[in-house]
Amino acid sequence: MKESEDISALRLKLHEVQVEHRDLDEIIARLLQTPPHDDLLLRRLKKRKLLLKDRISTLERMIEPDDLA
């Protein structure tokens, strides 16, 4: 039972991070469409988006680890 609760918590966290990643993608796209844009803000948003992508990958591996191990 404990393992299924852990997986459920990981899936919930994964969903939250995916939503934030998607939201950042939309914000970045909107900022790029309305010049002049704030280059520093764009760089920070893109860096955050990259960190979220890495977190998504980590969570996905935790939920369904590779069978190679």
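For the structure itself, look to the data block above.
The present account deals with the structure reproduced in this document.

Each value, and the rule that gives it
- Residues numbered from 1 in each chain as written.
- Predicted model: local features only at pLDDT ≥ 70, side-chain atom pairs only at ≥ 80, totals over all residues.
- Heavy atoms only, no water.
- Helix = DSSP H or I, 4+ residues; strand = E, 2+ residues; numbered from the N terminus.
- Rg over C-alpha atoms; globule rule 2.2 N^0.38 Å.
- Contact = heavy atoms within 4.5 Å.
- Areas by Shrake-Rupley, 256 points an atom, 1.4 Å probe, with all protein chains shown as cover.
- Salt bridge = Lys/Arg side-chain N within 4 Å of Asp/Glu carboxyl O.
- Buried < 20%, exposed > 50% of the residue type's maximum accessible area, 1.4 Å probe, protein only.

## Let's talk about the overall build of the chain
Turning to step 1, where the next piece is worked out: In terms of helices and strands, the chain carries two helices and zero strands.
Turning to step 2, where the next piece is worked out: Against the compact-globule benchmark of 11 Å for 69 residues, the chain has a radius of gyration of 16 Å, which places it well outside the compact range.
Turning to step 3, where the next piece is worked out: Considering only C-alpha atoms, the chain reaches an extent of 55 × 25 × 15 Å along its principal axes.
Turning to step 4, where the next piece is worked out: Once local pairs closer than 6 in sequence are excluded, the contacts in the chain between residues at least 24 apart make up 72%.
Turning to step 5, where the next piece is worked out: Of the roughly 5,700 Å² of accessible surface on the chain, a fraction of 55% belongs to carbon and sulfur atoms.

## Some words on the pattern of salt bridges
Turning to step 1, where the next piece is worked out: Overall, the coordinates contain four salt bridges when judged by the stated rule.
Turning to step 2, where the next piece is worked out: K2 is the partner of D6 in a salt bridge, and the nearest nitrogen-oxygen pair spans 3.5 Å. Note that D6 and K2 are positioned in helix α1 (residues 2-33) at a spacing of four residues, about one turn of the helix.
Turning to step 3, where the next piece is worked out: D6 gets classed as partly exposed once you look at its relative accessible area, which sits at 38%.

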